[in-house]
Amino acid sequence: TNAPADGLDVLLDRLGLAGVVDERIGDAGKPDGMGPAVDRLLAEHGIADEPGRLLRVGDLWANDLRAPRERGCATAYIDRFDLRQGPADARAATFEELYGAVRAWASGTAVN
């Protein structure tokens, strides 16, 4: 997120996700900072040859999803206003509506 890193743990805890998110990146400098962040994560986790094992969820397509999608990562778009600004493996108006797609991705089945 471009939001300050402070407070991310509280938010993830409130959503019940604190124990399952591998890394939190605040002050990301998106959109320019997204590509390098994705490249680093793919390399550090040894999945550069399997980018679909990284799922990026975001609500601003250009900031959040363009760079991961270009690298072959799975993407889930929180498209509150049905803007359809770009392709995504899953799309919904709210994060909660994406839970099924996230579960499918985590279990190794198709996101969409």
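Below, the structure is looked at part by part.

Procedures and definitions
- Residues numbered from 1 in each chain as written.
- Predicted model: local features only at pLDDT ≥ 70, side-chain atom pairs only at ≥ 80, totals over all residues.
- Heavy atoms only, no water.
- Helix = DSSP H or I, 4+ residues; strand = E, 2+ residues; numbered from the N terminus.
- Rg over C-alpha atoms; globule rule 2.2 N^0.38 Å.
- Buried < 20%, exposed > 50% of the residue type's maximum accessible area, 1.4 Å probe, protein only.
- Contact = heavy atoms within 4.5 Å.
- Areas by Shrake-Rupley, 256 points an atom, 1.4 Å probe, with all protein chains shown as cover.
- Lys, Arg positive; Asp, Glu negative; His and termini not counted.
- Charge placed at Lys NZ, Arg CZ, Asp CG, Glu CD.
- Phe/Tyr/Trp six-rings, centres within 6.5 Å; stacked < 30°, edge-to-face > 60°.
- 1 Å grid on protein atoms, 1.4 Å probe; cavity = no way out; pocket = protein on both sides within 12 Å on 5 of 7 lines; lining within 4 Å.
- Points joined across faces, edges and corners; volume = space filled by probe spheres on them.
- Nonpolar A, V, L, I, M, F, W, Y, C, P; charged D, E, K, R; others polar.

## Section: the overall build of the protein chain
Assigned secondary structure in the protein chain consists of 4 helices and 3 strands. For the protein chain, the C-alpha radius of gyration of 13 Å lies close to 13 Å, the compact-globule estimate for 112 residues. Relative to its full complement of 112 residues, the protein chain shows a buried share of 34%. In the protein chain, 29% of the contacts between residues at least 6 apart in sequence involve partners at least 24 apart. Summing over all exposed atoms, the protein chain offers an accessible surface of approximately 6,800 Å²; the carbon and sulfur share of this is 51%. Charged side chains of the protein chain number 13 positive and 19 negative; the gap between the two group centres comes to 3 Å.

## Topic: the packing of aromatic side chains
This structure, assessed with the given rule, holds 1 aromatic pair. Between the aromatic rings of F95 and Y99, the centroid separation amounts to 5.5 Å while the plane-to-plane angle is 90 degrees, which identifies the pairing as edge-to-face.

## Details of the layout of surface pockets
Of the voids in this model, the largest pocket is the one considered here, and its volume is about 1,600 Å³. L12, V21, L55, R56 and V57 are, among the 42 residues lining the largest pocket, the residues nearest its centre. Residue assignment for the lining of the largest pocket shows that the elements contributing at least two residues are α1 (8-14), α2 (34-44), β1 (55-58) and α4 (99-106). A per-element tally of the lining of the largest pocket places α4 first, with 5 residues. Class assignment for the residues of the lining of the largest pocket results in 26 nonpolar, 5 polar and 11 charged.

These values are about where atoms sit, not about what they do.
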